[in-house]
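# Notes for the structure review
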Amino acid sequence: MELSLSSSSLRLYATSSRYTKPPFHPKCNLCYSLFNTSSSSLRTISFTTPRTSTLKFPITACSQAGAAESNPPLNKVADFKDAFWRFLRPHTIRGTALGSVSLVSRALLENPNLIRWSLLFKAFSGLIALICGNGYIVGINQIYDIGIDKVNKPYLPIAAGDLSVQSAWILVLSFAIVGVVIVALNFGQFITSLYCFGLFLGTIYSVPPLRMKRFPVVAFLIIATVRGFLLNFGVYYAVRAALGLTFQWSSPVAFITTFVTMFALVIAITKDLPDVEGDRKFQISTFATKLGVRNIALLGSGLLLINYIGSIVAAVYMPQAFRSILMIPFHTILASCLIFQAWVLERANYTQAIAGYYRFIWNLFYAEYIIFPFI
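Residues numbered from 1 in each chain as written. Predicted model: local features only at pLDDT ≥ 70, side-chain atom pairs only at ≥ 80, totals over all residues. Heavy atoms only, no water.

### A closer look at the overall build of the protein
Just so we agree on the cut-off: Secondary structure counts use DSSP, requiring at least four H or I residues in a row for a helix and at least two E residues in a row for a strand, with both numbered from the N terminus. Three labels apply to residues, based on accessible area from a 1.4 Å probe with only protein chains included: buried if under 20% of the type maximum, exposed if over 50%, partly exposed otherwise in between. Here, two residues are considered to be in contact whenever any of their heavy atoms come within 4.5 Å of each other. Note on areas: Shrake-Rupley, 1.4 Å probe, and residue coverage restricted to the protein chains presented here.
Along the backbone of the protein there are 16 helices and 3 strands. Looking at the protein as a whole, 44% of its 375 residues qualify as buried. Within the protein, residue pairs in contact and separated by at least 24 positions form 74% of the contacts whose partners lie at least 6 positions apart. Summed over all atoms, the accessible surface of the protein reaches about 20,300 Å², with 66% contributed by carbon and sulfur.

### Considerations on the packing of aromatic side chains
Here is the rule: For Phe, Tyr and Trp, where Trp contributes only its six-membered ring, two rings pair if their centres lie within 6.5 Å, and the inter-plane angle classes them as stacked under 30 degrees, edge-to-face over 60, or tilted in between.
On inspection of all chains with the given rule, the structure shows 22 aromatic pairs. Ring centres 6.0 Å apart and planes at 90° place the aromatic pair Tyr-144 and Trp-169 in the edge-to-face group. Taken together, the positions of Tyr-144 in the loop between α5 (119–143) and α6 (146–152) and Trp-169 in helix α8 (residues 165–186) put the pair 25 residues apart, joining distant regions of the chain. Look at Tyr-144 and you get partly exposed, because its relative accessible area is 31%.

### Here's the deal with unusual backbone geometry
Omega for the peptide link from Pro-208 to Pro-209 comes to 5°, which places this bond in the cis form. You can see Pro-209 is positioned in the loop between α9 (188–206) and α10 (216–242). Of note in the backbone geometry, Asn-349 takes a positive phi value of approximately 60° without being a glycine. Among the secondary structure elements, Asn-349 is positioned in the loop between α15 (324–347) and α16 (354–371). Assessed through its relative accessible area of 57%, Asn-349 is described here as exposed.

### Description of the nonpolar core
Operational definition: As used here, the term nonpolar core means buried Ala, Val, Leu, Ile, Met, Phe, Trp, Tyr and Cys residues forming a set that is joined through side-chain atoms within 4.5 Å.
Ranked by size, the top nonpolar core spans 89 residues in total, and within it Phe-87, Phe-263, Leu-273, Leu-304, Tyr-308, Leu-364 and Phe-365 carry the most contacts. In this view, Leu-364 contacts Phe-263, Leu-304, Tyr-308, Leu-334 and Leu-338; residues no more than four positions away in its chain are not counted.

### What to know about the environment of Phe-282
Along the polypeptide, Phe-282 turns up in the loop between α12 (276–281) and α13 (287–291). For Phe-282, a relative accessible area of 37% gives the class partly exposed. A C-alpha to C-alpha distance of 8.1 Å links Phe-282 and Gly-147, two positions 135 residues apart in sequence. With residues near it in sequence (within four places) discarded, Phe-282 still touches Gly-147, Ile-148 and Val-151.

### Comments concerning a nonpolar patch on the surface
Test applied: Patch definition: residues above 30% relative accessible area lacking any salt bridge, with like charges linked at up to 9 Å and the nonpolar side chains Val, Leu, Ile, Met, Phe, Trp and Tyr linked at up to 5 Å. For this document, the term salt bridge refers to a Lys or Arg side-chain nitrogen within 4 Å of an Asp or Glu carboxyl oxygen.
A cluster of nonpolar side chains, Leu-173, Ile-177, Val-181 and Leu-185, forms an exposed patch at the surface whose accessible area comes to about 410 Å². Tracing the chain through its elements places Leu-185 in helix α8. Look at Leu-185 and you get exposed, because its relative accessible area is 69%.

### Observations concerning the packing of helix α3 (residues 72–87) against α8
Selection rule: Inter-axis angles, ranging from 0 to 180 degrees, are taken between N-to-C directions of lines fitted to C-alpha atoms, where helices are fitted over the stretch in contact. An angle below 35 degrees is read as roughly parallel, one above 145 as roughly antiparallel, one from 65 to 115 as roughly perpendicular, and any other as oblique. By definition, turning the near helix anticlockwise from the far helix through less than a right angle yields a left-handed crossing, and turning it clockwise yields a right-handed one.
Following both chains from N to C, one finds α3 and α8 inclined at 55°, their axes separated by 12 Å at the closest point. Classified by the angle their axes make, α3 and α8 are oblique. Regarding α3 and α8, the two cross each other, and that crossing is right-handed. Only Ala-168, Leu-171, Val-172 and Phe-175 of α8 make contact with α3, whose side of the interface consists of Phe-80, Phe-84 and Phe-87.

### Thoughts on the pattern of salt bridges
Counted according to the given criterion, the structure contains 8 salt bridges. A salt bridge links Arg-211 to Asp-145, with the shortest nitrogen-to-oxygen separation between them at 2.6 Å. One end of the pair, Arg-211, is in the loop between α9 and α10; the other, Asp-145, is in the loop between α5 and α6, and 66 residues separate them in sequence. Asp-145 shares its class with Arg-211; the two are buried. The residue Arg-294 makes a salt bridge to Glu-346 at a minimum N-O spacing of 3.4 Å. With Arg-294 in helix α14 (residues 293–317) and Glu-346 in helix α15, this pair connects stretches of sequence that are 52 residues apart. By relative accessible area, Arg-294 is classed as partly exposed at 41%. Shared partners join several salt bridges into a network, and the residues in it are Asp-82, Arg-86 and Asp-162.

### Structural notes on the confidence of the model for the protein
Here is the rule: Per-residue confidence from the prediction method is given by pLDDT, with values spanning 0 to 100.
Mean pLDDT over the protein stands at 83; residues scoring 70 or higher make up 81%. Below a pLDDT of 50 lies the segment residues 1–65, which in the model reaches 57 contacts outside its immediate sequence neighbourhood of four places, other chains included.

### Thoughts on the packing of helix α4 (residues 90–110) against α10
Quick reminder of the rule: In this classification, Asp, Glu, Lys and Arg are treated as charged, Ala, Val, Leu, Ile, Met, Phe, Trp, Tyr, Cys and Pro as nonpolar, and every other residue, Gly included, as polar.
At a minimum axis distance of 9 Å, the contact between α4 and α10 shows a crossing angle of 40°. In the crossing of α4 with α10, the sense of the turn from one axis to the other is right-handed. Contact residues: Thr-92, Gly-95, Thr-96, Ser-100, Leu-103, Val-104, Ala-107 and Glu-110 in α4; Arg-227, Leu-231, Asn-232, Val-235, Tyr-236, Val-239 and Arg-240 in α10. Looking at the contact of α4 with α10 residue by residue, the class counts come to 7 nonpolar, 5 polar and 3 charged.

### Re the side chain of Arg-106
Taking relative accessible area as the criterion, Arg-106 reaches 10% and is therefore assigned buried. What Arg-106 contacts, discounting residues up to four positions off in sequence, is Pro-252, Phe-372, Pro-373, Phe-374 and Ile-375.

So, in structure tokens, the structure goes:
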């Protein structure tokens, strides 16, 4: 055997008339290229590397591939878990969960003498029902948007081929049934009616022949109703009923319902900003395709600024209802951050930064629910 080394390359020459291939994993391409040679010929393996590079054999990668191959059931479970989580659209789950927890916390802080540990299970079941409703709405939208998602959101599990349409239908129907059963058993007829109404709106938003998402005004009204009014009013009503109280608007709850409904309008008109290409290809009419990305981004930023200015004015003129010392600086900071993000988007010419702008809007949405119990 001869081994020659130089500063720019490494060559290994081996001559043998009797040669046995070392074992290798069938999915490790590098191992295959190294060892799949004729056993009766001269073998020359040459690796040429830059002077500053380091040659590394992928022994770890091969061993990991072998370990993964030896546990196919575990791989399937992990793959389904990943697809299931993407199917739920985590950013919407966070908004639903934060909104629910925030409103429950506010209702309990307003009536601390009525808090009982037995309410914990009821609150948790209500959260599960809301997540199920959220999963149904975003799931059925993905089922009917496969073609569009392959252009706009190819990472979603159905569009990516990681989840079959049949499995998706099983999931969304399970979400709907479990959610309705939980609400009916725990929260009475009125809340069950509101819950079913929300599912109905989510259905006509996506499902033909109605498919209301084709009509921009109707589409953003549906989103604002479900995420704005129904969620906030429904959760607060259910908590007060569980505490044995009749429903009564409080200034903070009226504020958050109005604020989030306006915010949901902004989410509804800006959610299509990153999707203009696919929407135009499939002739989906949205405000972004009709008015342009820049105009819709400016409109969304303007509506949110009105929201924040209204919050500051409410804190100034209603000090008995709100904690001005917290509410004024908090909304001033968020409004300043919004202006800065709009400036960044303008500088980027409304191209690469548009997805980041939409994520930022959701972060503002989360922030409002986080601070709400304390204002």
